[in-house]
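Coordinate inspection notes
The lines below spell out each chain.
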Amino acid sequence: MPIRVGAERDQAFAEVLDDGVGEHHEVPGRPGEAGTRSDGSGLAGLARRVAGQGGVVMAGALPDRGYQLRVSVPLGEAPIS
C-alpha cells in the first residue's frame with residue numbers, strides 16, 4: 001500500500017493508495033451499539049476537519065481496482081479553530 005506525503009506548490013498532501021486486495025475485518029457489535037460508530041469519524045468527519053483548515057479530501061475507487069485517499073491543506077499559517 002503506497003503512502004506519499006509531500007508538498008506541491010502551496011499545498012501539503014498525504015495520499016494513500018490501496019490495491020483493493022486485503023483481509024476483511026469484522027467490527028465487534030451491531031449497528032447502533034456503543035463502540036461501532038461515533039460522530040466525527042470516517043471520511044465525512046475527516047473532510048469536515050480538513051475543510052476547516054482550508055483543505056480538501058478526495059477519496060474514491062480507482063478505475064481498475066483499489067481505492068485512493070488524498071488529503072491536501074494549504075501551507076502556511078493555519079487558522080485557529
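1. Some thoughts on the overall build of the protein chain
In terms of helices and strands, the protein chain carries one helix and four strands. Listing every helix and strand of the protein chain by position from the N terminus yields β-β-α-β-β. Of all 81 residues assigned to the protein chain, the portion counted as buried reaches 11%. Partitioning the intrachain contacts of the protein chain with sequence separation of at least 6 by distance along the chain shows that 47% fall at a separation of at least 24. Carbon together with sulfur atoms contributes 56% to the accessible area of the protein chain, which is approximately 6500 Å² in total.

2. Some remarks on the confidence of the model for the protein chain
On average, residues of the protein chain score 80 in pLDDT, and 70% of them are at 70 or above. Confidence scores differ between elements of the protein chain, with helix α1 (residues 42-51) showing the lowest mean pLDDT of 92 and strand β4 (residues 67-74) the highest of 95.

3. Concerning the packing of aromatic side chains
The full count for this structure, using the stated rule, is zero aromatic pairs. Between R70 and the ring centre of F13, over which it is positioned, the NZ or CZ distance is 4.2 Å.

4. Some details on the sheet that holds strand β2 (residues 11-18)
Reading across the sheet, the four strands line up as β1-β2-β4-β3 and stay open at both edges, with antiparallel pairing between neighbours. Bordering the open sheet on either side are β1 (3-8) and β3 (56-61), each of which pairs with just one other strand. Sheet twist, expressed as the average angle between the axes of neighbouring strands with direction ignored, equals 15°. Contacts from α1 reach β3 and β4, with the element oriented near 20° to β4.

5. Examining the side chain of S72
Along the chain, S72 turns up in strand β4. Those residues in contact with S72, other than ones at most four positions away along the chain, are Q11, A12, F13, V50, G55 and V56.

6. Focus: the pattern of salt bridges
Applying the stated criterion to the full structure yields three salt bridges. A salt bridge links E15 to R4; the nearest nitrogen and oxygen atoms lie 2.9 Å apart. Of this pair, E15 sits in strand β2 while R4 is found in strand β1, placing the two residues 11 residues apart along the sequence. Assessed through its relative accessible area of 40%, R4 is described here as partly exposed. By relative accessible area, E15 is classed as buried at 9%. Three or more residues joined by partner-sharing salt bridges are found here, namely R4, E8, E15 and R70.

Calculation rules
Residues numbered from 1 in each chain as written. Predicted model: local features only at pLDDT ≥ 70, side-chain atom pairs only at ≥ 80, totals over all residues. Heavy atoms only, no water. Helix = DSSP H or I, 4+ residues; strand = E, 2+ residues; numbered from the N terminus. Buried < 20%, exposed > 50% of the residue type's maximum accessible area, 1.4 Å probe, protein only. Contact = heavy atoms within 4.5 Å. Areas by Shrake-Rupley, 256 points an atom, 1.4 Å probe, with all protein chains shown as cover. pLDDT = per-residue confidence, 0-100. Phe/Tyr/Trp six-rings, centres within 6.5 Å; stacked < 30°, edge-to-face > 60°. Lys NZ or Arg CZ within 6 Å of the ring centre and 35° of its normal. Pairing = 2+ DSSP bridges. Axes fitted to C-alpha atoms, helices over the stretch in contact; angles between N-to-C directions. Salt bridge = Lys/Arg side-chain N within 4 Å of Asp/Glu carboxyl O.

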